[in-house]
Amino acid sequence: MPLRRLAVAAVMLVVAGAAAGFWAGQQGFGGGETLAALDVVGEAVAAHQVYAAEKLHVVEVGASERSHLVGWLSNRVGTRLVAPDLQAEGFDLMGGRLLPSGGKAAAQFMYEDPSGERVSLYVAHCVKGETTGFRLFEDEGGRAFYWQEEGFAYTVAGAISEKRLLEIANVTYRQLLAGR
């Protein structure tokens, strides 16, 4: 009887592993990401979709209090943050908010262009030691570019073209790198 239980458990593990691999493949991810990293990106896209749709409560602290916002979120998240200037790309900072992520604090900065399109930058803790280049995440209308470095995951999300979103992610990355 114990041998049969062991065989059933082994089969269940194989099926679970195959299902997780299939899910990750459907999300467009390669083999370099951990499930924890995928969770953070999923949280970032979900937060973007929820708050980008808001009319009155898009942000917790407005752009008029930019220095307070950046300082507050930096202290709560535990790293020096920068609210990138995306005006050259046609997006103005609306403000930001504090969000939960894996039992820790995450930061979200929201931007809007003149047509009402919104993009956001989400910064959350991730597994230390993991560094990635830009990766594309697409799922049910949600699109984001993300990368990981120095124990943090950075996600730029928006419902704009992949090309434009990649341009904004590149500008964001350069400004974050310069701001450290």
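Residues numbered from 1 in each chain as written. Predicted model: local features only at pLDDT ≥ 70, side-chain atom pairs only at ≥ 80, totals over all residues. Heavy atoms only, no water.

1. Let's talk about the environment of A144
For A144, the position within the fold is in strand β6 (residues 142-149). C-alpha separation for the pair A144 and F134, spaced 10 residues apart in sequence, amounts to 9.8 Å. If sequence neighbours within four positions are ignored, A144 has contacts with V45, R135, L136, F137, T155, V156, A157 and L165. (Helix = DSSP H or I, 4+ residues; strand = E, 2+ residues; numbered from the N terminus. Contact = heavy atoms within 4.5 Å.)

2. Structural notes on the side chain of Q108
The topology assignment puts Q108 in strand β3 (residues 104-112). On the basis of relative accessibility, which here comes to 1%, the residue Q108 falls in the buried class. With residues near it in sequence (within four places) discarded, Q108 still touches A47, H48, Y51, L73, G95, G96, R97, L99, S120, L121 and Y122. (Buried < 20%, exposed > 50% of the residue type's maximum accessible area, 1.4 Å probe, protein only.)

3. A closer look at the packing of aromatic side chains
Per the counting criterion, the structure on display carries four aromatic pairs. An angle of 40 degrees between the planes, with centres 4.9 Å apart, marks the rings of F134 and W147 as tilted. One end of the pair, F134, is in the loop between β4 (118-125) and β5 (135-139); the other, W147, is in strand β6, with 13 residues separating them in the sequence. Ring geometry for F134 versus Y173: centroids 5.9 Å apart, planes at 90 degrees, classification edge-to-face. Within this pair, whereas F134 is found in the loop between β4 and β5, its partner Y173 is found in helix α4 (residues 162-179), the two being separated by 39 residues in sequence. By relative accessible area, F134 is classed as partly exposed at 27%. (Phe/Tyr/Trp six-rings, centres within 6.5 Å; stacked < 30°, edge-to-face > 60°.)

4. Description of unusual backbone geometry
Although it is not a glycine, E150 adopts a positive phi angle of roughly 50 degrees. Its place among the elements puts E150 in the loop between β6 and β7 (152-158).

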